Amino acid sequence: HASGGAVSLIERQIEVLREKNHTADSRLAELVVIARANEALAAKIHQFTRRLVRAPTRREILTQIERGFREEFDTTQIVLLLFGAGGDTTDLRFVRPVAANDPNLAGFENLLATGRPRCGQIRDSQRDFIFGPDGGSVGSVALVPLMGDASLGLLVLGSLNRERFHPGMSTDFLARLGELISDALARD
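Just so we're clear, the structure is a prediction, and the values are computed from it rather than from any experiment.

> Whenever I open this one, the side chain of glutamine 64 confuses me. Can you help?
Here glutamine 64 shows up in helix α2 (residues 58-71). In terms of polar contacts, glutamine 64 uses its side chain to reach the side chain of glutamate 60, at 2.7 Å. Not counting residues up to four positions away in its chain, the partners in contact with glutamine 64 are Phe48, Arg51, Leu52 and Ala55.

What follows is the structure, encoded as structure tokens:
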């Protein structure tokens, strides 16, 4: 209704309700996008799990880990630091046997002690230790401790994108992947 220059209380309440409705609609749309992304990620983890379950030997488990991250998760920079890794893994480029007491692991003590994945950027010395000469282009990493009865190793996923793995992202799915890999490696 026409009320001159003033806005009636009813008009103001309707405007506030419309703003709240718009905010709720936007939030719902955002949650649907997140749910779909989580559903797609859960399907990828399922496929990855099937790869590991079907792998009959430790060597095949390692091969499937690398292949799974490359094919299911579109990750090309993968390094698996295995503590006291036995067997011949010299032709598996992404596997690096490392002594559990290697001084280069000193920067990862807290991470390995907590057993929780961490995402973000790492120091140049850590990046050089993990990725070697190919590490200069790595912008961000996901560090996933592999735990069994003792620390088994450290899975490192690298990205050229500095924002792909960032400290604010959820690491629940990474923790589950770490548990799957740890269980697969411990079973052999």
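> I would appreciate a short explanation of the sheet that holds strand β3 (residues 118-120) in the present structure.
Either a parallel or an antiparallel arrangement is found when strands of a sheet pair, and the pairing is made through backbone hydrogen bonds. One open sheet holds the 5 strands; their spatial order is β2-β1-β5-β4-β3, and the pairing between them is mixed. Taken across any chain shown, the strands that pair with only one partner, and hence form the sheet edges, are β2 (95-98) and β3. Mean inter-strand twist for the sheet, computed between neighbouring axes without regard to direction, equals 20 degrees. Where β3 and strand β4 (residues 140-147) come together, 3 bridges link them in antiparallel fashion. Note on β4: the bridge partner recorded for glycine 120 is valine 141.

> Would you take a moment to explain the layout of surface pockets for this structure?
A water-sized probe, rolled over the atoms, reveals where empty space remains. For the largest pocket, the calculated volume is near 390 Å³. As for the largest pocket, its lining consists of 17 residues, of which Ile78, Val79, Arg93, Phe94 and Asp134 are closest to the centre. Every element with two or more residues in the lining of the largest pocket is listed here: α2, β1 (77-83) and α4 (124-131). When the residues that make up the lining of the largest pocket are grouped by side-chain class, the tally is 7 nonpolar, 5 polar and 5 charged. Approximately 310 Å³ is the volume attributed to the second largest pocket. Looking at the second largest pocket, it is lined by 14 residues, and the ones nearest its centre are Leu41, Phe165, Met169, Phe173 and Leu174. Breaking the lining of the second largest pocket down by element, the ones donating at least two residues are α1 (9-54) and α5 (172-187).

> Would you mind going over the nonpolar core with me for this structure?
One broad trend across soluble globular proteins is that nonpolar side chains are buried collectively. Ranked by internal contacts, the top residues of the largest apolar core, which has 27 residues, are Leu62, Ile65, Phe69, Leu80, Leu155 and Ile181. When residues of this core are traced back to their parent elements, those giving at least two are α1, α2, β1, β4, β5 (151-159) and α5. The element that contributes the greatest number of residues to this core is α5, accounting for 5 residues. Beyond its immediate stretch of four places on either side in the chain, isoleucine 181 contacts Phe48, Leu52, Ile65, Phe69, Leu146 and Leu155. Formed by 17 residues, the second largest nonpolar core is a distinct cluster that contains Phe108, Phe129, Phe131 and Leu154.

Scoring rules and cut-offs
Residues numbered from 1 in each chain as written. Predicted model: local features only at pLDDT ≥ 70, side-chain atom pairs only at ≥ 80, totals over all residues. Heavy atoms only, no water. Helix = DSSP H or I, 4+ residues; strand = E, 2+ residues; numbered from the N terminus. Polar contact = N/O pair within 3.5 Å; in protein donor to acceptor, adjacent residues only side chain to side chain. Contact = heavy atoms within 4.5 Å. Pairing = 2+ DSSP bridges. Axes fitted to C-alpha atoms, helices over the stretch in contact; angles between N-to-C directions. 1 Å grid on protein atoms, 1.4 Å probe; cavity = no way out; pocket = protein on both sides within 12 Å on 5 of 7 lines; lining within 4 Å. Points joined across faces, edges and corners; volume = space filled by probe spheres on them. Nonpolar A, V, L, I, M, F, W, Y, C, P; charged D, E, K, R; others polar. Core = buried A, V, L, I, M, F, W, Y, C linked by side-chain atoms within 4.5 Å. Buried < 20%, exposed > 50% of the residue type's maximum accessible area, 1.4 Å probe, protein only.

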